[in-house]
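Inside the fold
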Amino acid sequence: MRDDLTAALQAAGVPLAQVLDDPDGQDTIVVASGITLLPHHNGSVTVTALAHDGHGIREAIAQEAAIGCSAHTALHAAGFTVADYDRTANIFRVQPSEPA
């Protein structure tokens, strides 16, 4: 399902985040704002909007909100079952199903 989600996001112009492991191994560094996809054993995928680490807090919050909303709208429009949308955290889950 991850490939299908990626294709739907890219078709809608929603960017994918580029994330690197922090050298200290304790965190990650977001080098390009966008969406991350985390697959789960039950087939669902957690979708999270991330802003580039170089942005200030206010700008990052606004950017994550815009990216998360765009991703949610794009995947819902593509027929995916979207659940648990937390607009505050810019995170939601896509349940396993075929796009319409």
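Report follows, based on the coordinates. Fair warning: this is a prediction, and the values are worked out from it, not measured in the lab.

The rules behind the values
- Residues numbered from 1 in each chain as written.
- Predicted model: local features only at pLDDT ≥ 70, side-chain atom pairs only at ≥ 80, totals over all residues.
- Heavy atoms only, no water.
- Core = buried A, V, L, I, M, F, W, Y, C linked by side-chain atoms within 4.5 Å.
- Buried < 20%, exposed > 50% of the residue type's maximum accessible area, 1.4 Å probe, protein only.
- Helix = DSSP H or I, 4+ residues; strand = E, 2+ residues; numbered from the N terminus.
- Contact = heavy atoms within 4.5 Å.
- Pairing = 2+ DSSP bridges.
- Axes fitted to C-alpha atoms, helices over the stretch in contact; angles between N-to-C directions.

1. Points about the nonpolar core
Grouped together as the largest cluster of nonpolar side chains are 16 residues, with contacts concentrated most on I35, V47 and L75. Of all the secondary structure elements, the ones that give two or more residues to this core are α1 (2-11), β3 (34-39), β4 (45-50), α2 (57-77) and β6 (91-95). Among the elements that take part in this core, α2 stands out by supplying four residues, more than any other. With residues up to four places along the chain from it excluded, the contact list for I35 reads L9, V14, P15, L16, A17, V47, T48, A49, I67 and A71.

2. So, the sheet that holds β3
To summarise the sheet geometry, strands pair through backbone hydrogen bonds and adopt either a parallel or an antiparallel arrangement. The four strands lie next to each other as β3-β4-β6-β5, forming an open sheet whose pairing is antiparallel. Each of the sheet's edge strands pairs with one partner strand only, and the pair in question is β3 and β5 (81-86). Across the sheet, the axes of successive neighbouring strands diverge by a mean angle of 25 degrees, strand direction being ignored. The pairing of β4 with β6 spans four bridges and is antiparallel. Bridge assignment links T48 to a residue of β6, and that residue is I91. Docked against the sheet, α1 engages β3, β4 and β6, running at close to 165 degrees with respect to β3.

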